[in-house]
Amino acid sequence: MNTTEQTAPVIELKPRSARSRVPRRADRLNLVVLMLAAALAFSPLSFGYYSFTSWAPLGIGAVVLLVVLAFGPAVRTTGFARTASVGLGLMLVLSFASILWAESRDSAWTSANQIAIYAVIFAIGLLAIRRHATARAVMVMLGLPALISSLVLAFEFAAGSGGGAFLQGRLDSPMGYINGTAGLLVMGIWPWLAMAETAKTRELRAAAISAAALIASMAVLTQSRAIVLATVATIVLVLIAAPGRTRRGVNLLIVLAAVAATVHWTLRVYSSTGPSQLLDPSSSAIQQAGFALLAAAAIGFALKWLTSAGIERLPAGRRDPLVRQLGRALLTLTVVAAVAGAVAEHHKLSTQWHDFTALNAEKSAGNRFLAIGGGYRYDLWRIAVDEFKGDPLGGVGAGNFVDQYYLLRHQLEDVTVPHSLELQMLAELGIGGAAGLVLFLAPVLGAGVTRRRTTLANSDPALKIAALGMFAAWLAATSVDWLYDMPGLAGMAMLAAAVLVVPTPTADVYEAAPSRRGRRQQATLVLTLGTLALVAASLGRQYVAALYSNSGQRLVSRQPVNALQELRTAEQLDPWSMQTQYAVASAYARLNDYPAAREALVRAQQLQPQNYVPPALLGDIATRAGDNATAIAAYRRALRLDPLEPALQQVVKTSEAAAK
């Protein structure tokens, strides 16, 4: 027998050893979290999974993945991770509990299911992200949607097409919501800025800055004020979080220079739509913007390459002192510029703040980026505070901000959330919800800025910058908007949060569990599986109900009898759905069955007494049936619940005049 034959049995036995099982187990964990990251990365193709019928299947799939991980080995966690999990759990429990007192139980149910998905995504990240390579792959994957979207749109614009990507002169695609697109871009820029600091070759670092410059320049096309706040807040955090601030600051200046050099042409898309943004962007302006976007990427690449080349040519003894001097100069210039700008623009800022609080925010700034606030957010925030004051302990119920909104508003915008995550938790879940949010946010941000080597991100600057940048950008944006209610973007933020709080890897990280589980571990597993079963049942039931309801709504105009069959099934699965009740009433109205249609709307009114829509619809069908007295009473009730609605004011006036 030769030497090769003698060693062959040893080679065959090696995969059965404990050491060889670790890579295979690690590969399975990598696959789980990368599948989830990929699903989230594809969310822009489905408008950020905003629709319940889009994010519910994602949630069910995530629960399945978490069940798989629950049967795996026990893993170490950090204090940051445990505290953040408690915060998410508190918000989840309060959301489901609020179904008991919420005006709209269906909205509370939906909101609770949404938080459940976020908690599941966060848990998957905690259990599956255990190595630097995995975490880096996750962050790159989460940065790809912003880069790919920017590349595709830039070439499309340069080719002379892409006008459909804009809404009133502002970039709306790919999310189908302007501020959602802005959020995707400002979140997606940070993985590439992180790569620009840590990539091994000069060309890769320059390419990463090129990607960041392209994304940042594309973000200008959204004309979203929320991203200004998000960008400034995130820059401050990432500069504090990790060493290498001078290099990071230079990279940020390069991106800013690339954007500034081309902004004249990118802003022309917005200005070409006229003073009221009612005109379509001109094709020439869009094409020029496309070339400007590609030019910004090229400028970013060139500046980074030249900067890196210049630094590398310096003698080693002069390099460090020069970097320190440059850092001090950048800090001094930043402080001086901030103070000088605040002093010079004090009057304008004061005027804009007055306009903002007077719900007149668009009057004092010719460019959207130069205004403090936009729309009617001050009124939305005021209403959220009023709702909290009315019920500080339990709030109005998860997802129920809108139920008092129409009665309390001072303007005519139709919204369902207060455009602030913090105020949303206060208004909807009261003190407990706010406490849960703080318990979640504080450890995640704390892990991002701490220098202790207990977390994986603290041993890898690229990870810290990418994950903290993405999470902080999402948080800052959703503090003045509603990115929280877009599960695609919020899910990306949850994975980034998990990257920040998972522990530093150790040699035995995949072998922490004994071959047989102890009683405590078995009890934990049973509790976990039971909770996940309840979450899956909740999501699945509401999802199936939504499918039947949507199917029935599509059939109402053509086959009202068949529609009623679908809608009755939906009603059995989800008896609180207002859309199902409205569709039932519409189907009966198509069949000229006025009593049955009225019964469905009365049932809807009983479900949500403070909702102006059921009495308004009762007025409509009563008018068609010739029951004018009932119609007037119903319209008056609707107007009391929504006193500023012009259509209701007019219909009440017309009905009362006709009755005289």
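Before any of the text, the structure's been laid out above.
Let us look at the structure shown here. (Residues numbered from 1 in each chain as written. Predicted model: local features only at pLDDT ≥ 70, side-chain atom pairs only at ≥ 80, totals over all residues. Heavy atoms only, no water.)

Let's talk about the layout of surface pockets
For step 1, the next point in the chain: The computed volume of the second largest pocket comes to approximately 1,100 Å³.
For step 2, the next point in the chain: For the second largest pocket, the lining is made up of 30 residues, of which Ser85, Ala123, Leu127, Thr524 and Thr528 are closest to its centre.
For step 3, the next point in the chain: Taken together, the elements giving at least two residues each to the lining of the second largest pocket come down to α3 (52-70), α4 (79-97), α5 (105-128) and α21 (519-555).
For step 4, the next point in the chain: Per-element tally for the lining of the second largest pocket: the top contributor is α21, with eight residues. (1 Å grid on protein atoms, 1.4 Å probe; cavity = no way out; pocket = protein on both sides within 12 Å on 5 of 7 lines; lining within 4 Å. Points joined across faces, edges and corners; volume = space filled by probe spheres on them. Helix = DSSP H or I, 4+ residues; strand = E, 2+ residues; numbered from the N terminus.)

Brief notes about the pattern of salt bridges
For step 1, the next point in the chain: Tallying each qualifying case throughout the model produces 13 salt bridges.
For step 2, the next point in the chain: Note that aspartate 460 is salt-bridged to arginine 136, the shortest N-O span being 2.9 Å. In this pair, aspartate 460 is assigned in the loop between α18 (421-449) and α19 (461-478) and arginine 136 in helix α6 (residues 132-158), connecting sequence segments 324 residues apart.
For step 3, the next point in the chain: Looking at aspartate 460, the relative accessible area reads 5%, which means it is buried. (Salt bridge = Lys/Arg side-chain N within 4 Å of Asp/Glu carboxyl O. Buried < 20%, exposed > 50% of the residue type's maximum accessible area, 1.4 Å probe, protein only.)

Some thoughts on the nonpolar core
For step 1, the next point in the chain: Counting residues in hydrophobic clusters, the biggest one holds 136 residues, and the most contacted among them are Phe157, Phe440, Phe471 and Trp474.
For step 2, the next point in the chain: Apart from residues lying up to four places away in sequence, phenylalanine 440 is in contact with Ala84, Gly87, Leu88, Met91, Phe122, Phe471, Met494 and Ala497.
For step 3, the next point in the chain: Ranked by size, the runner-up nonpolar core spans 20 residues in total, among them Leu555, Val556, Ala583 and Ala634. (Core = buried A, V, L, I, M, F, W, Y, C linked by side-chain atoms within 4.5 Å. Contact = heavy atoms within 4.5 Å.)

Comments concerning a nonpolar patch on the surface
For step 1, the next point in the chain: The grouping of Val140, Leu144, Ile148 and Val152 at the surface amounts to a nonpolar patch, some 290 Å² of accessible area in total.
For step 2, the next point in the chain: Tracing the chain through its elements places isoleucine 148 in helix α6. (Patch = residues over 30% accessible without salt bridge, like charges linked within 9 Å, V, L, I, M, F, W, Y side chains within 5 Å. Areas by Shrake-Rupley, 256 points an atom, 1.4 Å probe, with all protein chains shown as cover.)

Some words on the side chain of threonine 580
For step 1, the next point in the chain: Along the chain, threonine 580 falls in helix α23 (residues 578-590).
For step 2, the next point in the chain: A relative accessible area of 2% means that threonine 580 is categorised as buried.
For step 3, the next point in the chain: Side chain to side chain, threonine 580 and serine 577 meet in a polar contact 3.1 Å long.
For step 4, the next point in the chain: Not counting the four nearest positions on each side in its chain, threonine 580 is found in contact with Ser549, Leu567, Ala570 and Glu571. (Polar contact = N/O pair within 3.5 Å; in protein donor to acceptor, adjacent residues only side chain to side chain.)

What about the packing of helix α9 (residues 202-220) against helix α13 (residues 283-313)?
Think of two packed helices as two axes; the pair is described by the angle between the axes and how far apart they sit.
For step 1, the next point in the chain: Where α9 contacts α13, the two axes come as close as 7 Å, and the packing angle between them is 145°. Where α9 crosses over α13, the two elements pack in a sense that is right-handed. Residue-level inspection shows Arg202, Glu203, Arg205, Ala206, Ala207, Ile209, Ser210, Ala213, Leu214, Ser217 and Met218 of α9 in contact with α13, the latter providing Leu293, Ala296, Ala297, Ala298, Gly300, Phe301, Lys304, Trp305, Ser308, Ala309 and Glu312.
For step 2, the next point in the chain: A class-by-class count of the residues in the contact of α9 with α13 yields 13 nonpolar, four polar and five charged. (Axes fitted to C-alpha atoms, helices over the stretch in contact; angles between N-to-C directions. Left-handed = near helix turned anticlockwise from the far one by under 90°. Nonpolar A, V, L, I, M, F, W, Y, C, P; charged D, E, K, R; others polar.)

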